[in-house]
Every structure is written in C-alpha cells, then in structure tokens.
Amino acid sequence: MYKAAVIGDRESVSGFAALGLSVFHETQPEKVSRLIPKLAQNGFAVIYITEAAAAGVQETIGRYRNSRLPAIILIPGITGNTGDGMRNLHEAVEKAVGSDILS
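Calculation rules
- Residues numbered from 1 in each chain as written.
- Predicted model: local features only at pLDDT ≥ 70, side-chain atom pairs only at ≥ 80, totals over all residues.
- Heavy atoms only, no water.
- Helix = DSSP H or I, 4+ residues; strand = E, 2+ residues; numbered from the N terminus.
- Rg over C-alpha atoms; globule rule 2.2 N^0.38 Å.
- Buried < 20%, exposed > 50% of the residue type's maximum accessible area, 1.4 Å probe, protein only.
- Contact = heavy atoms within 4.5 Å.
- Areas by Shrake-Rupley, 256 points an atom, 1.4 Å probe, with all protein chains shown as cover.
- Lys, Arg positive; Asp, Glu negative; His and termini not counted.
- Charge placed at Lys NZ, Arg CZ, Asp CG, Glu CD.
- Pairing = 2+ DSSP bridges.
- Axes fitted to C-alpha atoms, helices over the stretch in contact; angles between N-to-C directions.

A. Examining the overall build of the protein chain more closely. Tallying secondary structure elements over the protein chain gives five helices and four strands in all. Along the protein chain, helices (α) and strands (β) appear in the sequence β-α-β-α-β-α-α-β-α when read from the amino end. In terms of overall size, the protein chain behaves like a compact globule, its C-alpha atoms giving a radius of gyration of 13 Å where 103 residues would be expected to give roughly 13 Å. Overall size of the protein chain, expressed as C-alpha extent along the three principal axes, is 35 × 30 × 30 Å. When each of the 103 residues of the protein chain is scored for burial, the buried share is 33%. In the protein chain, of all internal contacts separated by at least 6 residues, the share reaching a separation of at least 24 is 56%. Total accessible area on the protein chain is roughly 6,300 Å²; 54% of this is exposed by carbon and sulfur atoms. Across the protein chain, the mean location of the 10 positive side-chain charges is 10 Å away from that of the 10 negative side-chain charges.

As structure tokens, then:
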C-alpha cells in the first residue's frame, strides 16, 4: 500500500498526522533535498511539501516532475507562501483535462 507524507515547518504540517500522513518537520533545503529521495524509495506515492520548504529544493522536486511516483504537491504553509502551490495545481489540472478549469 502506498503512503503519503507531508514536509514543512511544525506549525504548518503537524495537523496532518491526525489524517494519517507521515509528518516530517523539516525546512532546511539540504535536509529536505535528502529526505525527498528517501521517501520516494520507501513507498511514498504522494509527498505534500509547504511552499516555503520547497523553495530551496526545486532541482530535487524537478527530478520527479515526469515520474509516475511520487507526486510532489506544493501546499501553502502558515508563512512564506509564494503562490507556487496554486500555480502548480492549475498546471496539473490543465495538463490532465486540456484546459485550466480552475480559473
């Protein structure tokens, strides 16, 4: 069975544990860039990551962009939101259905 994880600052991601996700309180780019491949190798199909935590690891995230698994999904956090999460969501929807139906 596939697993889901969430990466980000403690305040933004702690609540996800109640939903059954594996929670990783990490924001340092060098640690996040090592964590993502470990999660991918250990059966995590979905990795949610706060925009702030993702900001410093775009190259690592990019390696999985065309992979079937894991899906890496940016989510807003309590602070440091850039709008990248919504932009990525719009791009994914447009790619899946052929047009941006969210706008």
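From this point, things continue past the structure.
B. Quick look at the sheet that holds strand 1 (residues 3-8). In space, the four strands of this open sheet follow the order 2-1-3-4, with parallel pairing throughout. Both edges of this open sheet fall to strand 2 (22-25) and strand 4 (71-75), since each of them pairs with a single strand only. Geometrically, the sheet is characterised by an average inter-axis angle of 20° between neighbouring strands, direction not taken into account. Looking at chain direction, strand 3 (residues 44-50) and strand 4 are connected through five bridges and run parallel.

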